[in-house]
Amino acid sequence: MHIRIDAEVKDNKRTILFEDIASHHVNEDQLKQLLKDSVHGNWKVDPKSGAAIGASLYDILNGSGGKLQSLISDAGQTGAELNLNLDIPYGLNSLPFELVKNNTFLLHENNPVIHIIRKVTDRNRYQQREPEPRSLRVLFVACSPIDLPYDSVLNFEKEEDLIQSSVEKLPVDLTIEDSGNLEGIREALIENEIFDVIHITGHSGHDQKLGPIFYMESEIGALEKVTPSMLWEALRDNLPRVLFLSGCSTGKSNKVNETEFFAFQMVKQGISTVLGWGLPVSDTGATRLTIELYKYFGMGKSIAESVSLSRQAMADFYHPWPLLRLFSDNSPLNALIARGQPIRRRHTRKLKYKVLEDSQVKVLADGFVGRRREIQKGVRILRGFEDEDGNAKSGLIIRGPAGIGKSCLAGKLIERFKDKELIVIHGELKAADLLLKLKKLFDRKRILDGLRILKAELEFKDKIKDLFSHVFPELPIMFYFDDFEQNLVPKQGRYEMGPGIIPVLSPLLEALEWSEGKTSLIITSRYPFILEHDGEDLYNKLGEITLMAFRDADLKKKNAELLSILNSDHKEMYLELGHGNPRLLEWIELIAKEEDKYDIDALKKACDNQNEDFIKEYITDILARTEGTEFELFIQKASVYRKPVKASAFNTFGDDALLEKGVDLTLFEKEKASGHEAIYWVMPVIREQQWAKVDEDSQHEMHQEALTFYEQQIATDKEPDLNNLEEAIFHALVSNNIRTACKYSIRLGSHLDQLVLYRDSLKMQLSVAEKITDKVIDEAISEEDENVATLLNNLGMAYKTLGETTKAIEYYEKALRIDLNVFGDQHPKVAIRYNNLGSAYKTLGETTKAIEYFEKALRIFTTVYGENHPNTKTVNQNLEITIQEAKKG
Amino acid sequence: MKNKTYLDEFIISCLEENDDQSEQTNEKFIGWESLITILVYQGFLILLPELKEWLKLGAVAIVLKRKGLEKKLIEYAEKKELDFPQAEKAAACVSKRLDEETLKNIVEALDK
């Protein structure tokens, strides 16, 4: 039934029309007085006042002819529901028609059931919609800007938690939007396309200039005033059938700027049905009514009936039910979903990970991440906003125990900075790695300036400074150092930088400070650390986020993904063992999924009162063990690989089925970037523990296997791969295959020299040279292996470049000894060694010795190549210069 | 409005003194700042001719006008259907700051 109150006042009277036919008149003074009483809002807290207003409103609609009463009687006799579509002029919209009361409030009537709907337009009067047989799709957005005045920051987690709990057994797919901002809503709509209901909860108000506004959040959690048109822009491509604006007075206008109120404007823009509150409403009242509403929506009841039943369920609590207002474009208010959808045991969300482009950064693509405040804090730090003390930070460190979700949080933050190129370093931070990754990036982007700086004869720190000055302002970079704890060494109960880390990290931190937020750094680490350089505390330059175990609403949301745990009789024990650690909970979920396979009593006994690390180790261990000896041995052996490798690396000791089983059990990680072969690795948090179970002989054997794998990789690499070379050297050294280590360290050294990383080159080659005993040299001689001599010679050259000539001579002599034995005393290689020795002695000023070596070299080159060969000429020149110096000296 | 800054400062001073508003009402109410802003920018603007006259009365009389100002602002809030009872509190909060200096500044700021 369409009831209209005429907007026009004639003779101090307005006409009331039923289905556009004049029924009766009401006195304008009576309306004005009622309006004044309503505006004061006493009816909200005082049921008597509400009843009085309701009775007056009834009289206004009913008139002396009893039109409304006869409609109600007719409906009561037929049992039909009565829809009162009220068309109220703007000036009277503050009147609380939801309170209309005869003997009882009409909205509490059971026979007939009466709905009061505020009509905004007639746009969809004839539209037909059939409810679909599927679950209800709800997008829930809680907005709680952290800089609201008067301690008004909402406990949105509590509200999310309550609503989530209330619908978890119903056919309701509740998607919780984690950011509370418009962009987040847009993204949720792109990912999910259609929502039946979008529920936005938070504060709303009226802005002097903007009119009605909803207080949403910016990406850093700050207040963002959202107008109806802004919200409409975000929703327009994927309109929900119902928009619930759960904020104060979204369903009521003040008439300061004569702007229509929020809910009204949203219907006018194009949303079919909008729910709003007629006055300020309490959190608890709003939440309780909302819970009822979704219960009825989920049952497949009509929109009108759901609203009505929700009001009735709240009848004993006077406060919220009359405040709820239903605005419509006259679309049919039928059910959102078909009745009789199956009840769920649990609402679950499937975990799905994705890998960020060109990295091993794994983030949750689908599933709960939570940590809204942490994400906002991270964005604030990375954008260079000042903290409470007025300091802007150069980078961000995310701390917390293993499996707590540090990488997931970092991934979420990285996703927020899509304009930045990502450079990821996992584990050990090395200048070479960093420069090579930058080189690849510059190559790909054809950043010639960047390539020029990388090739220049500059030290690492100067290269970094130059890049920050000339390249990064145009090409913003996000550096992400994951698992940074691998760079730390414990010292007196604290952690310090391991050797060689400060020279890499400090130039970056110094340069970041003046990059004005264009270049960013994220570090994830299990432990805090001391970072001092030249007496300056560099750790303070980093903003810090400490991740704790999931708690309260976050934990509840995480738990919602753990179907098997929640349906288990051992639920409490599992959740206790999980310590709120998301990764640990995911492993426990695997056990809960197939409880019969495990000895749960033993598990309980073993883990009782144990700490998180112990439980993690124990759980992963039994997961591996329960899969059988073959799998258990497989994962132990696979732990030989410190870095991700292709599946073929595991072929000699296990098949693909074992590997995939490991991935299924989340004991292995798998990354499949498009256009690349999949790579695998044992989860870093359990790798060392698994590797420690392998006996010494088998470890040796496995290192050799790994060495063979990397040798095969190196043989097929089109250009030198730093990682393959490093790993080959590592496995060669630990399996005591020193000569092979020499071979690859020569290649790696030359690679590092090209990057002007002489110290890194020296350090690496020295680590191999330390293992070159006389026995190795003898072996090289008998096997005629020139690699050992070449490495020693290169090491000598590296020392010489760095000005340590005496050390250089020591290595040149060792190299010479091998070459003399392998090639004889007339070989050009021997001549090169003599020349190098000559050059070293010349540097030391020992010209006599220098001349002696140059002459030896010259004799060999002249004999082998003749006088005109460039080598002969060079040595001759060296000799002449030295002779002249000797004469001067 | 020549001097917007003064009005903004005046609003901020009203806000600072009323930090306990939400605690008193147990409401999910964020309209307080909006209410003060509306009363200051719109309410005072409508009363501007009258406020100018008050300036001529001198310091003591201006202070005596506080209750009158509160009443007028409440009337304005009623007319514009602002949220009660917060609007009443906002009107009281704004009015009690009225003195000769404040009034002079407000009138200057609003007077084009």
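Since this is a predicted model, take the numbers as computed values, not measurements. (Residues numbered from 1 in each chain as written. Chains lettered and ligands numbered in written order. Predicted model: local features only at pLDDT ≥ 70, side-chain atom pairs only at ≥ 80, totals over all residues.)

### Points about the sheet that holds strand 3 (residues 21–27) of chain A
Residue and element names in this part refer to chain A. Under the convention used in this document: Two strands pair if DSSP finds at least two bridges between them. Helix and strand definitions follow DSSP, with helices as H or I runs of at least four residues and strands as E runs of at least two, each counted in order from the N terminus. Fitted lines through C-alpha atoms give the axes, limited to the stretch in contact for helices. The angle between two N-to-C directions lies from 0 to 180 degrees. Each residue gets a C-beta atom placed from its backbone, and two residues are in contact if those atoms lie within 7 Å.
Taken in spatial order, the eleven strands line up as 3-2-1-4-5-14-13-12-8-6-7 in an open sheet, and their pairing is mixed. Each end of this open sheet is capped by a strand with a single partner; those strands are strand 3 and strand 7 (172–177). Between one strand axis and the next, the sheet turns by 25 degrees as a mean value, whatever way the strands run. Direction of pairing for strand 5 (residues 114–119) relative to strand 14 (residues 324–328): parallel, over a ladder of two bridges. Opposite R118, over in strand 14, you have F327 as the bridge partner. Set on the sheet, helix 4 (residues 67–78) makes contact with strand 2 (13–18), strand 3 and strand 4 (82–87); between it and strand 4 the angle comes to about 150 degrees. Sheet contacts for helix 9 (residues 283–298): strand 6 (136–142), strand 7, strand 8 (197–201), strand 12 (242–246) and strand 14; angle to strand 6, the most-contacted strand, approximately 165 degrees.

### Some points on the packing of helix 14 (residues 448–455) of chain A against helix 15 (residues 460–471) of chain A
Residues and elements named next belong to chain A. For clarity, the threshold we go by: Should an angle fall under 35 degrees it is taken as roughly parallel, and over 145 as roughly antiparallel, whereas 65 to 115 is taken as roughly perpendicular and any remaining angle as oblique. Crossing handedness is defined as follows: a turn of the near helix away from the far one that is anticlockwise and smaller than a right angle gives a left-handed crossing, while the clockwise case is right-handed. Residue polarity is assigned by list, with Asp, Glu, Lys and Arg as charged and Ala, Val, Leu, Ile, Met, Phe, Trp, Tyr, Cys and Pro as nonpolar; anything else, Gly included, falls into the polar class.
At their nearest, the axes of helix 14 and helix 15 sit 10 Å apart, and the two run at 165 degrees to each other. On the basis of the axis angle, helix 14 is roughly antiparallel to helix 15. At the point where helix 14 passes helix 15, the crossing takes the right-handed sense. Of the residues in helix 15, those in contact with D449, G450, I453 and L454 of helix 14 are K463, D466, L467, H470 and V471. When grouped by side-chain class, the residues that make up the contact of helix 14 with helix 15 number four nonpolar, two polar and three charged.

### Re the environment of E108(B)
Along the chain, E108(B) turns up in helix 8 (residues 100–110). Spatially, the C-alpha atom of E108(B) lies 9.9 Å from that of L7(B), the residues being 101 residues apart in sequence.

### As for the nonpolar core
To keep things clear, this is the line we draw: Buried Ala, Val, Leu, Ile, Met, Phe, Trp, Tyr and Cys residues form a nonpolar core when they are connected through C-beta atoms within 7 Å. Residue burial is a threshold on neighbouring C-beta atoms within 10 Å of the residue's own C-beta, all placed from the backbone, with 20 or more meaning buried, 12 or fewer meaning exposed, and counts in between meaning partly exposed.
Grouped together as the largest cluster of nonpolar side chains are 145 residues, with contacts concentrated most on L396(A), I588(A), I729(A), V788(A), L792(A) and A857(A). What A857(A) contacts, discounting residues up to four positions off in sequence, is A831(A), Y834(A), N835(A), G838(A) and V875(A).

### A short note on unusual backbone geometry
The linkage connecting N111(A) with the following residue, P112(A), adopts the cis geometry, with an omega of -5 degrees. Inspection of the secondary structure assignment puts P112(A) in the loop between strand 4 and strand 5. In this chain, F84(B) is followed by P85(B) through a cis amide linkage whose omega measures 0 degrees. Inspection of the secondary structure assignment puts P85(B) in the loop between helix 6 (66–79) and helix 7 (86–95). For R446(A), which is not glycine, the phi torsion reads 55 degrees and is therefore positive. With respect to the helices and strands, the residue R446(A) is situated in the loop between helix 13 (431–445) and helix 14. The class for R446(A) is exposed, based on 8 C-beta atoms found within 10 Å. Backbone geometry places E81(B), a non-glycine residue, at a positive phi of 60 degrees.

### What about the environment of G91(A)?
Mapped onto the fold, G91(A) is located in the loop between strand 4 and strand 5. For G91(A), a count of 16 C-beta atoms within 10 Å corresponds to the partly exposed category.

### Observations regarding the sheet that holds strand 9 (residues 204–207) of chain A
All names here are of chain A. Strand order across the open sheet formed by three strands is 9-10-11, with antiparallel pairing between neighbours. Unpaired on one side and paired on the other, strand 9 and strand 11 (223–226) mark the two borders of the sheet. Strand-to-strand, the axes of this sheet are offset by a mean angle of 45 degrees, without reference to chain direction. Bridge count between strand 9 and strand 10 (residues 211–217): four bridges; the pairing is antiparallel. Paired with H206 across the bridge in strand 10 is P212.

### Examining the pairing of strand 22 (residues 520–525) of chain A
All names here are of chain A. Of all six residues in strand 22, six are buried; the element is thus mostly enclosed. The side-chain alternation of strand 22 yields two buried faces, one formed by S520, I522 and T524 and the other by L521, I523 and S525. The pairing of strand 19 (residues 477–482) with strand 22 spans four bridges and is classified as parallel. Across the sheet, F481 pairs through a bridge with I523, a residue of strand 22.

### Some remarks on the confidence of the model for chain A
Residue and element names in this part refer to chain A. Spelled out, the test is: Values of pLDDT, ranging from 0 to 100, describe the predictor's confidence in every residue of the model.
Mean pLDDT over chain A: 85, with 92% of residues reaching 70 or higher. Note that pLDDT drops below 50 for residues 346–352; the model gives that stretch 24 contacts with residues more than four away or on any other chain. Here residues 365–369 is modelled with pLDDT under 50, and outside its nearest four sequence neighbours on either side it reaches 19 contacts, counting other chains as well.

### A look at helix 8 (residues 262–269) of chain A
Residue and element names in this part refer to chain A. Across the eight residues that make up helix 8, a large majority, six, are buried. Looking only at helix 8, the buried set comprises F262, A263, F264, Q265, M266 and V267. As for helix 8, its buried residues are in contact with strand 9, strand 10, helix 7 (228–235), strand 12, strand 13 (273–277) and strand 14. Phi turns positive one or two residues past the end of helix 8, at G270, with a value near 150 degrees.

### A word on the confidence of the model for chain B
Residue and element names in this part refer to chain B. Per-residue confidence for chain B gives a mean pLDDT of 82, with 83% of residues at or over 70. Here residues 19–25 is modelled with pLDDT under 50, and outside its nearest four sequence neighbours on either side it reaches eight contacts, counting other chains as well. Listed scores for the predicted complex are pTM 0.64 and ipTM 0.81.

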